[in-house]
Every structure is written in C-alpha cells, then in structure tokens.
Amino acid sequence: MGGSLNLDEIVADVAREIQPHRGEGLVADYIPPLARVDPRRFGMAIITCDGQVAETGDSWMPFSIQSISKVFTLALALEKLGDELWTRVGREPSGSRFNSIVQLEAERGVPRNPFINAGAIVVTDAVLAGRRPDEAIGEIRDFLRKLAANDTIDVDKEVATQEAATGFRNFSLAYFMRGFENLKAPVEDALVTYFNQCALRITCQQLARAGLFLANGGVDPITGERIVSTEHARRINAIMLTCGHYDASGEFAFEVGLPGKSGVGGGILTIVPGRAAVAVWSPGLNAVGNSQVGTLALEKLVQRTGWSIF
Ligand code: GLN
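Residues numbered from 1 in each chain as written. Predicted model: local features only at pLDDT ≥ 70, side-chain atom pairs only at ≥ 80, totals over all residues. Heavy atoms only, no water.

Would you explain empty space enclosed by the protein in this entry?
The gaps of empty space that remain are located by a probe, the size of a water molecule, rolled over the atoms. This structure, assessed with the given rule, holds 1 cavity of 30 Å³ or more. Reported here for the largest cavity is a volume of approximately 70 Å³. Looking at the largest cavity, it is lined by 14 residues, and the ones nearest its centre are S100, Q103, L104, I116 and A118. Of the residues belonging to the lining of the largest cavity, the class tally is 7 nonpolar, 4 polar and 3 charged. (1 Å grid on protein atoms, 1.4 Å probe; cavity = no way out; pocket = protein on both sides within 12 Å on 5 of 7 lines; lining within 4 Å. Points joined across faces, edges and corners; volume = space filled by probe spheres on them. Nonpolar A, V, L, I, M, F, W, Y, C, P; charged D, E, K, R; others polar.)

Any chance you could explain helix α5 (residues 117-128) here in plain terms?
Taking 1.5 Å per residue, 12 residues should reach 16 Å; α5 reaches 16 Å between its end C-alpha atoms and fits that length. The buried count for α5 comes to 12 of 12 residues, which makes it a mostly enclosed element. Listed in full, the buried residues belonging to α5 are N117, A118, G119, A120, I121, V122, V123, T124, D125, A126, V127 and L128. Tucked inside the fold, the buried residues of α5 contact α3 (69-81), α4 (102-106), α6 (133-148), α8 (168-179) and α9 (187-198). Of the residues flanking the end of α5, it is A129, one or two places downstream, whose phi is positive at about 45 degrees. (Helix = DSSP H or I, 4+ residues; strand = E, 2+ residues; numbered from the N terminus. Expected span 1.5 Å × (residues − 1). Buried < 20%, exposed > 50% of the residue type's maximum accessible area, 1.4 Å probe, protein only. Contact = heavy atoms within 4.5 Å.)

When you look at the packing of helix α1 (residues 7-18) against helix α13 (residues 292-305) in this model, what are you seeing that I'm missing?
Helix-helix packing is described using two parameters, namely the angle between the two axes and the distance between the axes. The interhelical angle for the contact between α1 and α13, taken along N-to-C directions, is 135 degrees, at an axis separation of 9 Å. Compared by their axis directions, α1 and α13 come out oblique. The two elements α1 and α13 cross, and the hand of that crossing is right-handed. For the pair formed by α1 and α13, the contact residues are L7, I10, D13, V14, E17 and I18 on the first element and V293, L296, A297, K300, L301, R304 and T305 on the second. Among the residues making up the contact of α1 with α13, the classes are represented as 8 nonpolar, 1 polar and 4 charged. (Axes fitted to C-alpha atoms, helices over the stretch in contact; angles between N-to-C directions. Parallel < 35°, antiparallel > 145°, perpendicular 65-115°, else oblique. Left-handed = near helix turned anticlockwise from the far one by under 90°.)

I'm lost on the sheet that holds strand β4 (residues 63-64) in this one. Help?
Pairing between the strands of a sheet comes from backbone hydrogen bonds, and it takes one of two forms, parallel or antiparallel. The 3 strands are arranged β4-β6-β5 in an open sheet whose pairing can be described as antiparallel. Edge positions in the sheet fall to β4 and β5 (154-155), since each has one partner strand and no second. By the bridge criterion, 2 bridges tie β5 to strand β6 (residues 200-202) in an arrangement that is antiparallel. Bridge pairing links D154 to R201 in β6. Sheet strands in contact with α6 are β5 and β6, and its direction is about 5 degrees off that of β6. (Pairing = 2+ DSSP bridges.)

Sorry if this is basic, but what is going on with α1 here?
Owing to its 3.6 residues per turn, the α-helix brings residues three or four apart onto one side. With 12 residues, α1 ought to run about 16 Å at 1.5 Å a step, and its terminal C-alpha atoms sit 16 Å apart, in line with that. For α1, the full list of buried residues reads L7, I10, V11, D13, V14, A15 and I18. In this structure, the buried residues of α1 make contact with β2 (43-48), β3 (53-57) and α13. The N-terminus of α1 is capped by N6, whose side-chain oxygen sits 3.2 Å from the backbone nitrogen of D8. (Polar contact = N/O pair within 3.5 Å; in protein donor to acceptor, adjacent residues only side chain to side chain.)

What is the right way to look at the pairing of β3 in this model?
For a regular strand, side chains alternate in direction, first toward one face of the sheet and then toward the other. As judged from the 5 bridges shared by β2 and β3, these two strands associate in the antiparallel manner. Looking at β3, one finds that I46 is bridged to A54. Between the end of β2 and the start of β3, which pair antiparallel, lie 4 residues, with G51 showing a positive phi angle near 90 degrees.

So what exactly am I meant to see when it comes to unusual backbone geometry here?
Glycine aside, the phi torsion of most residues is negative, and most peptide linkages are trans. Although it is not a glycine, A149 adopts a positive phi angle of roughly 50 degrees. Secondary-structure assignment places A149 in the loop between α6 and β5. One non-glycine residue with positive phi stands out, namely Y246, at about 55 degrees. Locating Y246 in the fold gives a position in the loop between α11 (230-243) and α12 (249-255). In this structure Y246 comes out as buried when scored by relative accessible area, which is 4%.

Explanation requested: the site of the ligand in the structure shown.
Residues in contact with the ligand, as listed here, are Y30, Q66, S67, F98, N117, E163, N170, Y194, C198, Y246, G263 and V264. The contact in question runs from a nitrogen atom of the ligand to an N or O atom on the side chain of Y30, over 3.4 Å. Contact with the protein chains removes 96% of the 300 Å² of surface that the ligand exposes when unbound. In this structure the site holding the ligand corresponds to the largest pocket. In terms of residue class, the shell around the ligand is made up of 6 nonpolar, 5 polar and 1 charged. (Near = heavy atom within 4 Å. Areas by Shrake-Rupley, 256 points an atom, 1.4 Å probe, with all protein chains shown as cover. Sits in = over half its atoms within 2 Å of the grid points.)

Structure (structure tokens):
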C-alpha cells in the first residue's frame, strides 16, 4: 500500500532535509531523565498496512512515550465502557495547554477531551476500573507489547517515580475531578497508573507498529486481529486530529493534515488512514510541548507522499 512511492527513498530525503534543524527546540526538563536526552536525536519509522517498513536515524532507540500513551488507554477504555465514557470526558479541542486547569471548574469536572491531562486521567481511571494500579499498568503495558509485537516494552521506573514526585499539577487536576465525582479510584491510584503509562519506553519502530490498527479500521492488518471496533477506530482518529497536539492541533492539521498524537518525550504517532502508521521522535519541543523537528519531518513526509487527508 506504499503504492508507487519509494518509502525508503522518501524517509532518507526527509532525514536529509531536517538535518540542519537537528537539536532545535527545548527538551522537556521537568524531570532529569527527560532533561538528559540528547536534543539532536531524530528517528522516523513508517509501517504500511501491507507490512512494508521504512525507517531512518534513531528509529531503533527507546524514548519516553509520555502523552502518546493516551491513545492506547483511550482504545482500552472505549472497548470497556463504550459510549458511557463520553459522560465523563468530552471530545472538543481545548485550546489550552495540556496541563491546564482553567476549564475544569466551568465544565464541572468533565475534561474537554481524552488527550489533555485531565481527560487522560479520567480515561486511565476508567481502565483501572476498581482494580489495583499494578494490574492496570500491566494491562496497558501488555496491550502495547501485543500491538507492537515486542515483549521488551516496559515502564522506565525512574521516569515513573519522578513524574509522581513532581506531578503537582496532575494531582490538582485529579483532586478537582474527584471533587466532582468524576474519578472513581483514589487519586493516588489513578495517578500512579497514569504516571506509569506515561513512563513506558518505546521506539519509533514499535510505536508505528502499535498504532497500525488505527490506520485499518481497528483491525491489525498484519495479524488480522480486531483490536477495537471500526467505530472506535474512527473516533480515536477524529480525536487525534482535533485534539492530539493540544492547542497546536489546528496548526498540525494545517501543516500535516493527519491524525496525530504528541508526547513531551518528543515522540509523535501519526495515522495515515487506509495506508500506514508513522512514528517520529526528536526530543526538542516547541513552545506548545510538541516535537519541533518531528513535526517538521512529518510536514516534509506529507509533502512527498501526498498523505494528508485533505
Ligand atoms: N507525563 C506528562 C504529564 O503528565 C505527559 C504530558 C505530555 O506528554 N504532554 O505532564
């Protein structure tokens, strides 16, 4: 399904074009294990629905998945709760930063969408569903392992511990929602699960593979296994497009034109419906908290492939 495109050539061209920009942006520095990552790192991996793989640079190197994990917990929560989930979280772009608290009071503890932190904490609470955090963390990790067909994917415990030690804003969001009874688990349980999911380490190769079911109506095109319903796949893609880059989601739709989800580790998962999944990683972030060079690389990729949905 790469069609007549020579994807090996295209990723090589993209890597060459972004070369002068490597190191741009600011690496997340709220915890030391993220702050010490070399800002010049860059990797990209594409996997098509018919199993063709093209990759470049540091596509083999694990990085912190951070908010990209929210795509996978949303898939799990939707399969568990179905439409009931939408009574607890909206699906409207927020227009504010990922860790903003400002809308929560006006909207009575129901976060705008599943990809801002408040919404993701609710989604994680839905995955937790009254169980112990280690069971839910294991489920999320195993889901990624299965999707990526790689059993080495695991939580970086140093990142998880330090997220918890510095996550005061996330605690504020969670307590606030608990006050509106939109969090079922104790705040500590919901957050330890959330911090561990954010601390999973993954490579571009593995991430693209893990997201591929979203390019194929919810069915993993390589194994033939249905992962989520067609309807849920469609909805996850819609939310990635409208909310996946926080208050820069409009800009990402404008420049790249694909469903995508970023994380402060510098990764971006992008879905090319019907064709492929693409993962990029470059740790320098722009002012909104999205990978600067990663976004640029996706712009170049879309220019060459014509893969924008618009
Ligand atoms: N762990 C980060 C947080 O909760 C994830 C944020 C992100 O990747 N945008 O603040």
